[in-house]
Amino acid sequence: MREKENKIRSLQGKLKINAVLKLETGLHIGGASEFAPIGAVDSPFIRDPYTKQPIIPGSSIKGKIRTLLARSLSDTPWLNSIEDDKDEVKVLFGTAGDGKNGAVASRLQFADIRLTKESFEKLKSMDLDTYLGEIKFENSIKRITAEATPRQIERVPARAEFAFSVIYNVEVTDEVAEDIRLLADGLKLLQMDYLGGSGSRGYGRVSFRNFAVEVFSLNEESRQALARMQSTLENILKGCCLI
């Protein structure tokens, strides 16, 4: 049973979880376009403003995994509000405080993820429609009139790979394996769902592989305890891989 309290726990250490995220189908996570000249893409994907490479926002991954877990663990036919998530979900992903409950700090810290070096070089050498992207032409058909509304969607091509990583704050050593198992469940659900938009039309299917866990702690006793768990945690995460 997890202890409920409105206090910030001490930090026993940190785990850095690394993996390769592969796009099994084209991915579209929308970005903003400063101008729209004739012939421009209707819906570009989000890019790093400095490198112009596609990125997957950490908020997209965190929000998707949390929602999938909340829906899967719900005790009712309907998705609950975020403040009513199960305690294990709140502890892992955090929640803002309200009049009844205090804030819970997230144990997971997601970041925007970028193409691996190898994937960037491969995409750069390909004859693509845009810089590192492809254009998917689609039509929205009105059922009654059969009128077509064409549009152009920019996607990151299938088989592109991203360097996924997430930091886990170790607050209670005895709860680490339980938390990582819940994260692995969320990653497995994500692989059976999708990232970004147009998932019902086949966009955004992803897979994970090559999980590795790095351990860091300023306390030698905690570091050794986490090091002993390292292979077990890696095996838990590897168990979520579908491919």
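Residues numbered from 1 in each chain as written. Predicted model: local features only at pLDDT ≥ 70, side-chain atom pairs only at ≥ 80, totals over all residues. Heavy atoms only, no water.

Colleague: What exactly am I supposed to notice about the packing of helix α4 (residues 176–191) against helix α5 (residues 220–238) here?
Modeller: Pairs of packed helices are described in terms of their axes, by the angle between the two and the distance that separates them. At a minimum axis distance of 10 Å, the contact between α4 and α5 shows a crossing angle of 20°. One way to sum up the angle between α4 and α5 is to call them roughly parallel. Crossing angle aside, the handedness with which α4 passes α5 is right-handed. In contact with V176, A177, I180, R181, L183, A184 and L187 of α4, α5 contributes L226, M229, L233, I236 and L237. Of the residues in the contact of α4 with α5, the class split is 11 nonpolar, no polar and one charged. (Axes fitted to C-alpha atoms, helices over the stretch in contact; angles between N-to-C directions. Helix = DSSP H or I, 4+ residues; strand = E, 2+ residues; numbered from the N terminus. Parallel < 35°, antiparallel > 145°, perpendicular 65-115°, else oblique. Left-handed = near helix turned anticlockwise from the far one by under 90°. Contact = heavy atoms within 4.5 Å. Nonpolar A, V, L, I, M, F, W, Y, C, P; charged D, E, K, R; others polar.)

Colleague: How should the pairing of strand β1 (residues 13–23) be read in this particular structure?
Modeller: Sheet faces and side chains relate simply in a regular strand, where the side chains alternate between the two faces. In terms of residue burial, β1 counts as a mostly covered element, since eight of its 11 residues are buried. Here β1 pairs with strand β7 (residues 161–170) via 10 bridges, running antiparallel. Looking across to β7, one finds that I17 is bridged to V166. Direction of pairing for β1 relative to strand β8 (residues 206–216): antiparallel, over a ladder of nine bridges. What sits directly across from L21, in β8, is F208. (Buried < 20%, exposed > 50% of the residue type's maximum accessible area, 1.4 Å probe, protein only. Pairing = 2+ DSSP bridges.)

Colleague: Any chance you could explain the environment of G196 here in plain terms?
Modeller: Within the element layout of this structure, G196 appears in the loop between α4 and β8. Judged by relative accessible area, G196 falls into the partly exposed class, the value being 35%. When the C-alpha atoms of G196 and S60 are compared, they prove to be 7.4 Å apart, with 136 residues separating the residues in sequence. Among residues more than four places away in sequence, those in contact with G196 are L27, H28 and I29.

Colleague: Can you help me understand the environment of I180 in this one?
Modeller: For I180, the location among the structural elements is in helix α4. Assessed through its relative accessible area of 2%, I180 is described here as buried. Excluding residues that lie within four positions of it along the chain, I180 makes contacts with I17, Y168, L233, I236 and L237.

Colleague: Hey, could you run me through helix α1 (residues 58–73) in this one?
Modeller: Note that an α-helix has 3.6 residues per turn; residues three or four places apart therefore point the same way. For α1, spanning 16 residues, the distance from its first C-alpha to its last is 22 Å, which sits close to the expected 22 Å at 1.5 Å a residue. Within α1, burial applies to G58, I61, I65, R66, L68, L69 and A70. Where α1 is buried, its residues meet β2 (55–56), α2 (87–93), β3 (108–110), β4 (113–114), β7 and α4. (Expected span 1.5 Å × (residues − 1).)

Colleague: Could you clarify how one ought to interpret the side chain of T116 in this entry?
Modeller: Turning to its location among the elements, T116 is positioned in the loop between β4 and α3 (117–125). For T116, a relative accessible area of 12% gives the class buried. At 3.1 Å, the side chain of T116 and the backbone nitrogen of S119 are in polar contact. (Polar contact = N/O pair within 3.5 Å; in protein donor to acceptor, adjacent residues only side chain to side chain.)

Colleague: Would you mind showing me how to read the packing of aromatic side chains here?
Modeller: By convention here, two paired aromatic rings are described through the distance between centres and the angle between planes. Counted by the stated rule, this structure contains three aromatic pairs. Ring centres of F93 and F110 lie 6.4 Å apart, and the angle between their planes is 10°; this geometry places the pair in the stacked category. Of this pair, F93 sits in helix α2 while F110 sits in strand β3, and the two are 17 residues apart along the sequence. Judged by its relative accessible area of 17%, F110 is buried. On the basis of an interplanar angle of 70° and a centroid distance of 5.2 Å, the ring pair of F164 and F208 is categorised as edge-to-face. Residue F164 is found in strand β7, and its partner F208 is found in strand β8; the two are separated by 44 residues along the sequence. Here F164 and F208 have matching classes, each one buried. Members of the aromatic cluster, each reached through a chain of ring pairs, are F164, F208 and F211. (Phe/Tyr/Trp six-rings, centres within 6.5 Å; stacked < 30°, edge-to-face > 60°.)

Colleague: What am I meant to see in α5 here?
Modeller: With 19 residues, α5 extends 27 Å between its outermost C-alpha atoms, agreeing within 8% with the 27 Å of an ideal straight helix rising 1.5 Å per residue. At Q230, α5 is bent by approximately 45°, the largest bend along its length. Here the buried face of α5 lies against β1, β7, α4 and β8. Its side-chain oxygen placed 3.0 Å from the backbone nitrogen of E221, N219 serves as the N-cap of α5. (Bend = angle between axes of the 7 residues up to and from the residue.)

Colleague: Can you walk me through the state of the cysteines in this structure?
Modeller: Covalently bonding the sulfur atom of one cysteine to the sulfur atom of another cysteine gives a disulfide. Tallied over the full model, the rule gives zero disulfides. In this model C240 remains outside any disulfide bridge; the closest cysteine sulfur is found in C241, 4.6 Å from its own. (Disulfide = S-S within 2.5 Å.)

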